[in-house]
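# A closer look at the structure
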Amino acid sequence: MENLYIATSYQLFAVEDGKKELKEATQEGRPFVFISGMGFALPKFEAEISKFKAGEEYTIEMTPEEAYGERNENMVDELDKSMFCVDGGKFDEEMFHVGAVIPLQNSEGAMFYGTITKITDKKVVMDINHPLAGKHLLFEGKVLDNHVATKDELTEFVNAMNNESCGCGSCSGECGGDCGCGCEDEHDHECGSGCGCHH
């Protein structure tokens, strides 16, 4: 199957009881760009948007199972506050606050992200569910480009994925700026929360 170079602007909503809540939106002039078949976008999002030509508008709906799955309360854990102390044993309140998305690493060296949901005198409560887990999602957008990717585009995209400082393809935040997709959400999320279209 051919790899497609796709550029799109969109708004992403979480839908509950018929009400839409805006979660993410691309910035004007900075579309979300990806190449299909690279595992960069959610499978249903990729499959559906690939059907549209440049200039066409689209609506894509996803159940939690088609997006980020249901929430798993076993993925919420209490960690010792000492783990978040910097030089001198001081807890960095500016970096580690409720709502902050923190890069973590497991014993096998794999990177993942967690959201701080509560801080006590001795503990930091970390939720490693995706921020959109358990949500019904609705994408409303417009395809700006859709063509078979050239060899140069494939090479450039692979290099960009390998060289991203945050390795997440997420939006503006504490990874040092724009990581590639050009979207921003209402929470001004930090590196790792990811655009709704990403894994």
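For the structure, see preceding data.
These remarks concern the structure in this document.

Quick notes on the rules
- Residues numbered from 1 in each chain as written.
- Predicted model: local features only at pLDDT ≥ 70, side-chain atom pairs only at ≥ 80, totals over all residues.
- Heavy atoms only, no water.
- Helix = DSSP H or I, 4+ residues; strand = E, 2+ residues; numbered from the N terminus.
- Buried < 20%, exposed > 50% of the residue type's maximum accessible area, 1.4 Å probe, protein only.
- Contact = heavy atoms within 4.5 Å.
- Salt bridge = Lys/Arg side-chain N within 4 Å of Asp/Glu carboxyl O.
- Core = buried A, V, L, I, M, F, W, Y, C linked by side-chain atoms within 4.5 Å.
- Pairing = 2+ DSSP bridges.
- Axes fitted to C-alpha atoms, helices over the stretch in contact; angles between N-to-C directions.

### A word on the environment of Ala 54
- Within the secondary structure, Ala 54 sits in the loop between helix H1 (43-49) and strand E4 (57-62).
- By relative accessible area, which is 47% here, Ala 54 ends up partly exposed.
- Counting along the chain gives 47 residues from Ala 54 to Ala 7, while the straight-line C-alpha distance between them is 8.6 Å.
- Excluding anything up to four places from it in sequence, Ala 54 contacts Val 143, Leu 144, Asp 145 and Asn 146.

### Topic: the pattern of salt bridges
- Across all of its chains, the model carries 7 salt bridges by this definition.
- Lys 20 is the salt-bridge partner of Glu 140, the closest N and O atoms lying 3.1 Å from each other. Taken as a pair, Glu 140 in strand E9 (residues 136-148) and Lys 20 in strand E2 (residues 19-26) lie far apart in primary sequence, 120 residues in all.
- Taking the shortest distance from any N to any O, the salt bridge between Lys 123 and Asp 80 comes out at 2.7 Å. One end of the pair, Lys 123, is in strand E8 (residues 123-127); the other, Asp 80, is in strand E5 (residues 76-80), and 43 residues separate them in sequence.
- Residue Lys 123 is classed as partly exposed on the basis of its relative accessible area, which comes to 28%.
- A relative accessible area of 38% means that Asp 80 is categorised as partly exposed.
- One continuous salt-bridge network, built from bridges that share partners, spans Arg 71, Glu 73 and Asp 127.

### Focus: the nonpolar core
- Counting residues in hydrophobic clusters, the biggest one holds 23 residues, and the most contacted among them are Phe 34, Phe 45, Ile 49, Tyr 58, Met 62 and Phe 139.
- If you list the elements that add at least two residues to this core, you get strand E1 (4-16), strand E3 (32-35), H1, E4 and E9.
- The biggest single contributor to this core is E1, with 4 residues.
- With 10 residues, the next largest nonpolar core counts Phe 91, Phe 96, Leu 104 and Val 124 among its residues.

### Regarding the sheet that holds strand E6 (residues 101-105)
- Strand order in the open sheet made by the 4 strands is E5-E8-E7-E6, with antiparallel pairing throughout. Each of the sheet's edge strands pairs with one partner strand only, and the pair in question is E5 and E6. Between one strand axis and the next, the sheet turns through 45 degrees on average, direction left out of account.
- Here 5 bridges tie E5 to E8, and the two strands are oriented antiparallel to one another.

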